[in-house]
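# Architecture and fold: a report
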Amino acid sequence: MKALVLAGGSGTRLRPFSHSMPKQLVPVANRPVLAHVLDRVAELGVTEIGIVVGDKAAEIEAAVGDGARLGAPVTYIHQERPLGLAHAVRSARPFLGDDDFAMFLGDNILLPGVLQAAGDFRAGRPSAQVVVQKVADPRQFGVAEIDGEGTVLALAEKPAEPRGDLALIGVYFFTSQVHRAVDAIPPSARGELEITDAIQWLVASGATVRATEHTGFWKDTGRPEDLLACNRRLLEELEPRVDGDVDGGSRLTGRVVVEPGAVVVRSRIEGPAIIGARTVVEDCDIGPCTSVGADCELRGSVLADSVIMEGTRVLRTRGLAGSLIGRSAVIAPPGAQGKPGELLVGDHSLVAWGR
């Protein structure tokens, strides 16, 4: 079985962060979202991985490489424009051939993975196997109507009156029959080829489509608040370790990781938290659920429940919480840096998202 990972979307909901970096490379727990997705893909024992990329392909290729770390070679598939998930399948057809494949959205976090769904698919080889989860408001998702045996009876994309509460969560398994479906469907009202329509075409044609319910953690990382929720959940998986330098005047409690080359001086860090490589933390109080990227400088500051991206400086700032801070930003009080009252940002990124 091959895998297809979709990483060509533009990330409009994450602007301005996604102006300067692919949304799939925004870090959670100090690793790109896409790296967490590829962990789930690698668990399936796939033979080859295709990654659909768009106009930020070079950055994704540099981050992922040739697949050696994943145990399966990676092929990059260029999609001229993001015209729907089914269009991505069409773009990848030369790579997919007639093989079975798993398809993952490149910006969704799942814990644990989808080994059960993969096993269900391999055992029965339906034309399609979808992974679903119960949601409070199914009107925001593709929705599957299934019978008591797990067979999909119908699907609808963001229905005004849902006939169930099981949402499609961005993981699919297909045989080559999906290519007939993709060729048969017209563009939707928004001008895209919807994978929901392709799967519904299979159902209407009499093909077997099955569903497996995921009961663990799942988030689409398209919004800042969802990225922060993913960061909190992934930090719970940390195994404490100190590979950097922590002085005797500092105190670490709970699940804390200090990466190589990091220096912690006269500071308190409450886990779960991670301090990136070569980062300096001095006279700070860092609360739980905080990820600090590599090559940062934090001095005289108090922060918690935040993602601080690489190269950022946070100077004499207190009460920073529930925030995303972009790459190479400078957060400082009036007079500390630049003009009085100025929030300086680097050439990569952009803002803090505060609650």
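Residues numbered from 1 in each chain as written. Predicted model: local features only at pLDDT ≥ 70, side-chain atom pairs only at ≥ 80, totals over all residues. Heavy atoms only, no water.

### Concerning unusual backbone geometry
Of the consecutive residues Leu111 and Pro112, the connecting peptide bond is found in the cis state with omega at -10°. The residue after Gly271, namely Pro272, is reached through a cis peptide bond having omega 5°. Relative to the helices and strands, Pro272 is located in the loop between strand 19 (268-270) and strand 20 (273-275). The phi torsion at Ala29 lies on the positive side, around 55°, for a residue other than glycine. Tracing the chain through its elements places Ala29 in the loop between strand 2 (27-28) and strand 3 (31-32). With phi around 65°, Asn30 is a residue other than glycine that occupies positive phi space. Structurally, Asn30 can be placed in the loop between strand 2 and strand 3. (Helix = DSSP H or I, 4+ residues; strand = E, 2+ residues; numbered from the N terminus.)

### Let's talk about the environment of Cys230
Structurally, Cys230 is set in helix 9 (residues 224-235). When its relative accessible area of 0% is taken as the criterion, Cys230 is described as buried. Through-space distance from the C-alpha of Cys230 to that of Ala29 is 8.3 Å; in sequence the pair is 201 residues apart. Each residue touching Cys230, except ones within four places of it in the same chain, is listed here: Val28, Ile109, Phe217, Lys219 and Thr221. (Buried < 20%, exposed > 50% of the residue type's maximum accessible area, 1.4 Å probe, protein only. Contact = heavy atoms within 4.5 Å.)

### Quick word on the packing of aromatic side chains
Evaluation of the coordinates by the stated rule reveals 4 aromatic pairs. With a centroid separation of 5.9 Å and 10° between ring planes, the pair formed by Tyr172 and Phe174 is classed as stacked. (Phe/Tyr/Trp six-rings, centres within 6.5 Å; stacked < 30°, edge-to-face > 60°.)

### Describing the side chain of Ser127
Structurally, the position occupied by Ser127 is in the loop between helix 6 (115-124) and strand 8 (128-134). Exposure remark for Ser127: the relative accessible area of 5% places this residue in the buried category.

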